[in-house]
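# Chain and residue survey
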Amino acid sequence: MNTDHFILENFSVTADIGVTVLDTSGEMRYASSVYTGVSDVVQLIRRRLDCGEADRVALLYGCYQARRFGGRYVFFTPSGLAYCASFLTGPKGSMRSGVLAGPFLMTDYDEYLEIDVSGRHQASADVTQAIRTGLHAIPIKTPAQARAISEQLYVCASYHSSVRFPGQAVATLTDAAAKGYSIEKEDELLAAISIGDIQTANALLNDILGQVLFHSGGDLNILRSRVVELTVLLSRASLRGGANIDAIFGLNYSYLREIDALKSPEDIILWLHGVSQRFAQHMFEYADSRHTDVIHKALLYIKQNYADKITLQDVADHVYLSPSYFSKVFKEETGQTPSGFITAVRIDISKKLLRDPSVSLVDIAELTGFKSQSYFTQLFKKAEGQTPGEYRRRNRHG
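Attention here is on the structure that accompanies the text. Everything quoted here is computed from the prediction, not taken from an experiment.

The rules behind these values
- Residues numbered from 1 in each chain as written.
- Predicted model: local features only at pLDDT ≥ 70, side-chain atom pairs only at ≥ 80, totals over all residues.
- Heavy atoms only, no water.
- Helix = DSSP H or I, 4+ residues; strand = E, 2+ residues; numbered from the N terminus.
- Buried < 20%, exposed > 50% of the residue type's maximum accessible area, 1.4 Å probe, protein only.
- Contact = heavy atoms within 4.5 Å.
- Areas by Shrake-Rupley, 256 points an atom, 1.4 Å probe, with all protein chains shown as cover.
- Core = buried A, V, L, I, M, F, W, Y, C linked by side-chain atoms within 4.5 Å.
- Axes fitted to C-alpha atoms, helices over the stretch in contact; angles between N-to-C directions.
- Parallel < 35°, antiparallel > 145°, perpendicular 65-115°, else oblique.
- Left-handed = near helix turned anticlockwise from the far one by under 90°.
- Nonpolar A, V, L, I, M, F, W, Y, C, P; charged D, E, K, R; others polar.
- Polar contact = N/O pair within 3.5 Å; in protein donor to acceptor, adjacent residues only side chain to side chain.
- Pairing = 2+ DSSP bridges.

This next bit is on the overall build of the protein chain. Looking only at helices and strands, the protein chain features 18 helices and five strands. Considering the protein chain as a whole, with its 398 residues, one finds that 51% of them fall into the buried category. Intrachain contacts of the protein chain at a sequence separation of at least 6 include 65% that bridge at least 24 residues. Carbon and sulfur atoms make up 52% of the accessible area of the protein chain, which totals about 18300 Å².

With that settled, the discussion passes to the nonpolar core. L49, Y112, I131, L135 and L272 are the most contacted members of the largest nonpolar core, which totals 52 residues. Non-local contacts of Y112, meaning those with residues more than four positions away in its chain, are made with I45, L49, S79, G80, L81, L105, T107, V117, I131 and L135. Within the second largest apolar cluster, 18 residues are counted, among which are I17, V21, L88 and I149.

Now for the packing of helix α2 (residues 33-48) against helix α5 (residues 125-135). The contact between α2 and α5 brings their axes to 10 Å, and the two run at 165°. Considered as vectors, α2 and α5 are oriented roughly antiparallel to each other. Remark: the crossing between α2 and α5 carries left-handed chirality. Listed contacts from α5 to V41, L44, I45 and R48 of α2 are V127, A130, I131, G134 and L135. A per-class count over the contact of α2 with α5 returns seven nonpolar, one polar and one charged.

For the bond running from G102 to P103, omega is 10°, close enough to zero to count as cis. Within the secondary structure, P103 is located in strand β5 (residues 95-104). If you check the backbone angles, D16 has positive phi at about 55° while not being a glycine. Although it is not a glycine, D50 sits at a positive phi angle of roughly 55°. Here D50 is to be found in the loop between α2 and α3 (52-68).

Before going further, it helps to examine helix α4 (residues 109-120). Of the residues making up α4, those classed as buried are Y109, Y112, L113, I115, D116, V117 and G119. Residue D108 occupies the N-cap position of α4, its side-chain oxygen lying 3.3 Å from the main-chain nitrogen of D110. Residue Q122 follows α4 closely and has a positive phi angle near 50°.

Taken in spatial order, the five strands of this open sheet run β2-β1-β5-β4-β3, and their pairing is antiparallel. A single partner strand is all that each edge strand has here, and the edge strands are β2 (28-31) and β3 (73-76). Strand-to-strand twist of the sheet, defined as the mean angle between neighbouring strand axes without regard to direction, takes the value 30°. Relative to β2, strand β1 (residues 19-22) runs antiparallel, the two sharing three bridges. Residue V21 lies in a different strand from β2, and its bridge partner there is Y30. Across the sheet, helix α1 (residues 6-15) is in contact with β1, β2 and β5; its angle to β1 comes to roughly 145°.

All right, on to the packing of helix α15 (residues 338-354) against helix α18 (residues 388-395) then. α18 packs onto α15 with a crossing angle of 50° between their chain directions and a minimal axis gap of 9 Å. As the angle between them shows, α15 and α18 are arranged oblique. Between α15 and α18 lies a crossing whose hand is right-handed. On α18, the residues that touch K351, L353 and L354 of α15 are P388, Y391 and R392. Residues that form the contact of α15 with α18 fall into these classes: four nonpolar, no polar and two charged.

Right, dumping it as C-alpha cells:
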C-alpha cells in the first residue's frame, strides 16, 4: 500500500466505512479495502438508478463544499447514499484532493428502498429487488455517528496533509478574513446571484477577485483554488434562487474540469465572470418552471417525518431551495403553504388514531408531532369544527 494513504486505511478499517480519495477532476486515486468490499453494490445502485455521472459530480462537489466549510461536510448523492467529505491540502493551502468516507445510509434499508429507490427514482419492482439483494453491504449510521465520522475524517485528512507538507497549517476560506478577504462582499455577491442581479454581481466579483489576486501573490494554484470555492458558492446561490439542481451539478462538473486549463490570472477572471452569468441565467430559466420533482420530494419528506418537529427550513434544505422560494413554489403547486400541509397531514393521521379508543389524546398529540395536547385540540377544532374528543365519540365505530 502507498504509505501516503496509510492513515486513511487505518481510519477506514476502524470506523468500518469506505474511504476514497478523488483528484480535483473527480477521478478516484485511492480506495480503502473497506470501500473495495462495497464498490460492486455502489456501482449496481448507480447503474440501476441511472445516476452514475450525477453521483460522480455530487462527490466532487461535496469535496469542494468541505473545502469551503472548514473540512467537514455530510451530504447525500442523487442515488440517496450518504457520505462525509474533507480535503487534503497541497502547497500554500490549495486543495490537492478530496477525501470521502462512505457510502452509508442514515435510514433503514426498507425506508431507503421505499423513499429513494421506488419513490424518488420511481424504480420498477425488478430494479428495487436487484438493489435490495446487495444493499446490506452498505452500513447504516445514525446522525450522531455520521457527525463523529465527519470529525474523525477531518482529523485524519489534516494529519495526512501536515505529514506531506510539514509545518503547514490546514487552511480554509474562513481564514481569509484575517488575510483581508471580505466575507461581507462574498455574502453580497451570493445575494446578487440569487436574485439574478448580474450587474451588481460582476462589480462585487471584481472587488473580490482583486483581493484574491493580491493575497495569492500571483500563484496560479492558489488563485485556482479560491476560484473553485467561489464557483461552488455561486452554484449554491443559483440553487437557492430556484435553479434546477441537476443542471447546476452538470455545470459544476464541466467548470471544475475547465479550471486547470486556464493559464493566466486574466483568463481566470474572464472565465469566472462568464460562470456567474451562466448560473444566474439558469436561475431564470428554471424559476418559472413547474417543480414536480421538488414537490414530490417535499411531500414524501413531510409524510415520513410528520411525527417529528419539522420546520420550513428543514423541508427547504431537503429539496435544495431557500425557504422563501420553496414556500412560493409549494403554494403555487399545491394551493397550500408548507406549514398548512404539514398540519393537514398530522390532522389526517390523528383522525385515524382517534378511531382507536386504546390510544389516549395525549399520545395522539405526541405521535402526530403536535407540541402539546392543547395545541393539538386547538388546530384540530379549527380544521374539523369539533374537538378531538367529540370526533372520537362520533367516530368510535368508523
